[in-house]
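Residues per chain, in single letters:
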Amino acid sequence: MEYSLDIAQADRVLEALRRDYRVYAPKRFPKQGRYSDTDIIRYDEVRKFEEIVWKEKSDYPMKEVVMPIQQTLFYYTEDEYRTSKNPVKPVLILARPCDINAQHIQDEIYAGNGGYTDYYYERMRGLVKFAMMECTGGDDTCFCVSMGSNKTDDYSMAVRFREDGADVQIKEDSFDTYFEGMPKGSYTPAFVEENETKVTIPDLSDKQVRLALKKHPMWREFDKRCISCGSCTVACSTCTCFSTRDLSYGDNPEAGERRRVTASCQIAGFDQMAGQREFRDTAGDRMRYKILHKFHDYKARFKTRHMCVGCGRCAHRCPELISISATVSKVNDAVNEIKAEMAQQGR
Ligand code: SF4
Ligand code: SF4
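Residues numbered from 1 in each chain as written. Chains lettered and ligands numbered in written order. Predicted model: local features only at pLDDT ≥ 70, side-chain atom pairs only at ≥ 80, totals over all residues. Heavy atoms only, no water.

## Side note on the overall build of the protein chain
Note the threshold: A run of H or I in DSSP becomes a helix once it reaches four residues, and a run of E becomes a strand once it reaches two; helices and strands are each numbered from the N terminus. The quantity called the radius of gyration is restricted to C-alpha atoms. Its globule counterpart is 2.2 Å times the number of residues to the power 0.38. For accessible areas, the Shrake-Rupley method is used with a probe of radius 1.4 Å. Any residue's cover is judged against the shown protein chains and nothing else. Counted as positive: Lys and Arg. Counted as negative: Asp and Glu. His and the chain ends are not counted at all. Lysine's charge is taken at NZ, arginine's at CZ, aspartate's at CG and glutamate's at CD.
Along its length, the protein chain carries eleven helices and eleven strands. On C-alpha atoms alone, the protein chain measures out to a radius of gyration of 22 Å, which is about the 20 Å that the 2.2 N^0.38 rule sets for 347 residues. Its C-alpha atoms give the protein chain principal-axis dimensions of roughly 75 × 60 × 45 Å. Here the protein chain displays about 17500 Å² of accessible surface, and carbon together with sulfur accounts for 49% of that area. Taking the average place of the 53 positive charges on the side chains of the protein chain and the average place of its 54 negative ones, the gap between the two points comes to 3 Å.

What follows is the structure, encoded as structure tokens:
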């Protein structure tokens, strides 16, 4: 069933949905941006239809709804602990196709990784349904088409936003009840078919090429440019790394809570081991690790897809203007150079 709503009608539907769901969508936070007088757009619970930001891509990804930047896992005292409580009310998230595809990657990492399921992720993820926001085309950092993440059929309903309302297609019948008495319409969701930015995935199937790429001078550029701030991974739709911190209450170190806190492979010390040993102690090495994880290692392990959905948020947030699409282009150039050298040497 399809509906065509004006803003007042969309508000009534949202009110009805909110009786059964916590509804999350991209929302504007004025003057909380990186520079003075700039805004930030991030996911939050919405109460009014006009709060939903649909023309611009959110600065921060949808993953924060399911996996907040920090969350309490359990509370402890000297000899016992109690697991933190999970919200019980289901969650409806308005998300673009790339964001829904990114959540599938998070599912693979947290809930299907070598037979281990993350309890805290799974209990939250089990509450989530998606309302697919038809994408208006993103911006010049998007390359979802190159990554095959421009389309999805994982949604309970689809929404095309208009200045004066919204068109809605219901895919999961139980959602029709929230639209009782609303005007019927005709709407079929459309997907972005072409981005301004295109990315060619490097062919890294040859181990010798990968080993040569590891030592390639291209990574040294990032020793100077990347300040290892980690903004790119916090904004990334698919990055999942975290650390844990114990927070003691008052003077008693044996009573407190353990929190999971977002971490970043781009920050110095992320991989530090006993004896101060670090595997990747330069910004360039850390960049290489991230890029190869996104465009080779993840797929080699999970056999499903690459770990990047081409949302472009990392490029958008980087204070040094490091573009992931330009970096992948450089990897392609380096790979071609390595292959040509190998061919010359008859390898
Ligand atoms: S690496 Fe960049 S473009 Fe790819 S999913 Fe993460 S934020 Fe989006
Ligand atoms: S946001 Fe930019 S400068 Fe910061 S760690 Fe990522 S690539 Fe480096």
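## Here we look at unusual backbone geometry
Trans is the common state for peptide bonds, and a negative phi is the common state for residues other than glycine. For Ser-228, which is not a glycine, the phi torsion comes out positive at approximately 55 degrees. With respect to the element layout, Ser-228 can be found in the loop between helix 7 (221–225) and helix 8 (231–235). If you check the backbone angles, Lys-303 has positive phi at about 60 degrees while not being a glycine. Take Lys-303: it is sitting in the loop between helix 9 (283–302) and helix 10 (313–317).

## So, the site of ligand 2
Convention followed: For each residue, the test is whether any non-hydrogen atom lies within 4 Å of the molecule or strand; if one does, the residue is near. Amino acids outside the nonpolar list (Ala, Val, Leu, Ile, Met, Phe, Trp, Tyr, Cys, Pro) and the charged list (Asp, Glu, Lys, Arg) are all regarded as polar, and Gly is one of them.
Taken together, 13 residues are adjacent to ligand 2, and Cys-226, Cys-229, Gly-230, Cys-232 and Cys-318 come closest. Counted by class, the shell around ligand 2 contains eight nonpolar, four polar and one charged residues.

## Observations concerning the environment of Leu-204
This is how it is decided: Contacts between residues were defined by any pair of non-hydrogen atoms, one from each residue, lying within 4.5 Å.
Along the chain, Leu-204 falls in the loop between strand 9 (165–170) and helix 6 (207–214). A sequence separation of 71 residues divides Leu-204 from Met-133, and the C-alpha atoms of the two residues are 34 Å apart. What Leu-204 contacts, discounting residues up to four positions off in sequence, is Val-209, Arg-210, Leu-213, Leu-292, Phe-295, His-296 and Val-335.

## Looking at the nonpolar core
Which entries qualify depends on this criterion: For this analysis, a nonpolar core means a set of buried residues of the types Ala, Val, Leu, Ile, Met, Phe, Trp, Tyr and Cys, connected via side-chain atoms within 4.5 Å. Remark: exposure states derive from per-residue accessible area (1.4 Å probe, protein chains only) relative to the maximum for the residue type, with buried under 20%, exposed over 50%, and partly exposed in between.
Membership of the largest hydrophobic core comes to 28 residues, with the highest contact counts inside it found for Leu-17, Met-157 and Phe-179. Sorting the residues of this core by element identifies strand 1 (2–6), helix 1 (7–20), strand 2 (22–29), strand 6 (91–95), strand 7 (128–133), strand 8 (157–162) and strand 9 as the ones contributing at least two each. The dominant element in this core, judged by the number of residues it contributes, is helix 1, at five residues. Setting aside chain neighbours within four positions, we find Leu-17 in contact with Val-23, Leu-92, Met-157, Phe-175 and Tyr-178. Core analysis: the next-biggest nonpolar cluster, separate from the first, contains 27 residues, Val-199, Met-218, Cys-314 and Ala-334 among them.

## Quick word on the side chain of Asn-195
Cut-off, in case you're wondering: In protein, a polar contact means a hydrogen-donor-capable atom and an acceptor-capable atom, both N or O and within 3.5 Å, with residues adjacent in sequence counting only if both atoms are side-chain atoms; elsewhere, any N or O pair within 3.5 Å suffices.
Considering the arrangement of structural elements, one finds Asn-195 in the loop between strand 9 and helix 6. A distance of 2.9 Å separates the side chain of Asn-195 from the backbone nitrogen of Val-145, its partner in a polar contact. Excluding its chain neighbours within four sequence positions, the residues that come into contact with Asn-195 are Cys-142, Phe-143, Cys-144, Val-145 and Ser-146.

## Quick notes on the state of the cysteines
What counts, and what does not: Two cysteine sulfurs form a disulfide in these notes if their separation is within 2.5 Å.
Under the criterion given, the structure shown has zero disulfides. Not engaged in a disulfide, the cysteine Cys-265 finds its nearest cysteine sulfur in Cys-239; these two sulfurs lie 5.9 Å apart. The class of Cys-265 is buried, set by a relative accessible area of 8%.

## Structural notes on the sheet that holds strand 11 (residues 252–262)
What counts, and what does not: Following DSSP output, two strands are said to pair if at least two bridges run between them. Helix axes are fitted to C-alpha atoms over the stretch in contact, other axes to C-alpha atoms as well, and angles between N-to-C directions run from 0 to 180 degrees.
Judged by pairing direction, the sheet is antiparallel, and its four strands sit side by side in the order 5-4-11-10 without closing on themselves. Two strands bound the open sheet, and with one partner strand each, they are strand 5 (81–83) and strand 10 (242–249). Each strand axis lies, on average, 30 degrees off the axis of its neighbour in the sheet, ignoring direction.

## Quick notes on a negative patch on the surface
Heads up, the condition is: Excluding any residue in a salt bridge, patches collect residues exceeding 30% relative accessible area, merging like charges within 9 Å and nonpolar Val, Leu, Ile, Met, Phe, Trp and Tyr side chains within 5 Å. For salt bridges, the criterion is a side-chain nitrogen of Lys or Arg within 4 Å of an Asp or Glu carboxyl oxygen.
Residues Glu-78, Asp-79, Glu-80 and Glu-254 make up a contiguous surface patch of negative charge. Locating Glu-254 in the fold gives a position in strand 11.

## Quick look at the pairing of strand 11
As judged from the six bridges shared by strand 4 (residues 70–76) and strand 11, these two strands associate in the antiparallel manner. Pairing of Tyr-76 across the sheet is with Gly-256, part of strand 11.

## Some words on the packing of aromatic side chains
This is how it is decided: Side-chain rings of Phe, Tyr and Trp (the six-membered ring for Trp) are treated as a pair once their centres are within 6.5 Å; stacked means planes under 30 degrees apart, edge-to-face means over 60, and tilted covers the remaining angles. For a ring to carry a charge above it, either NZ of a lysine or CZ of an arginine must fall within 6 Å of the ring centroid while also lying within 35 degrees of the normal to the ring plane.
Under the criterion given, the structure shown has twelve aromatic pairs. Aromatic pair Tyr-110 and Phe-242: ring centres 6.5 Å apart, planes at 15 degrees, arrangement stacked. Remark: Phe-242 occurs in strand 10 and Tyr-110 occurs in helix 3 (residues 97–111); sequence separation between them is 132 residues. Relative accessible area serves as the criterion here: at 36%, Phe-242 is assigned to the partly exposed category. With centroids separated by 6.3 Å and ring planes inclined at 40 degrees, the aromatic side chains of Trp-219 and Phe-222 adopt a geometry described as tilted. Per residue, the accessibility class of Trp-219 equals that of Phe-222, and both read buried. Ring pairing ties together the aromatic residues Tyr-21, Phe-175 and Tyr-178, which thus form one cluster. Across the ring face of Tyr-60, the terminal group of Arg-42 is positioned such that the distance to the ring centre comes to 4.5 Å. Above the face of the Phe-242 ring, Arg-260 is positioned so that its terminal group lies 4.4 Å from the ring centre.

## Focus: helix 9
The condition that has to hold: Here a helix's expected span is defined as the number of its residues, less one, multiplied by 1.5 Å. To obtain the bend at a residue, axes are fitted to the seven residues ending there and to the seven starting there, and the angle between these axes is taken.
In this model helix 9 runs 27 Å from its N-terminal to its C-terminal C-alpha over 20 residues, within 8% of the 28 Å that 1.5 Å per residue would give. His-293 marks where helix 9 bends most, by close to 60 degrees. Positioned one or two residues after helix 9, Lys-303 has a phi angle of 60 degrees, which is positive.

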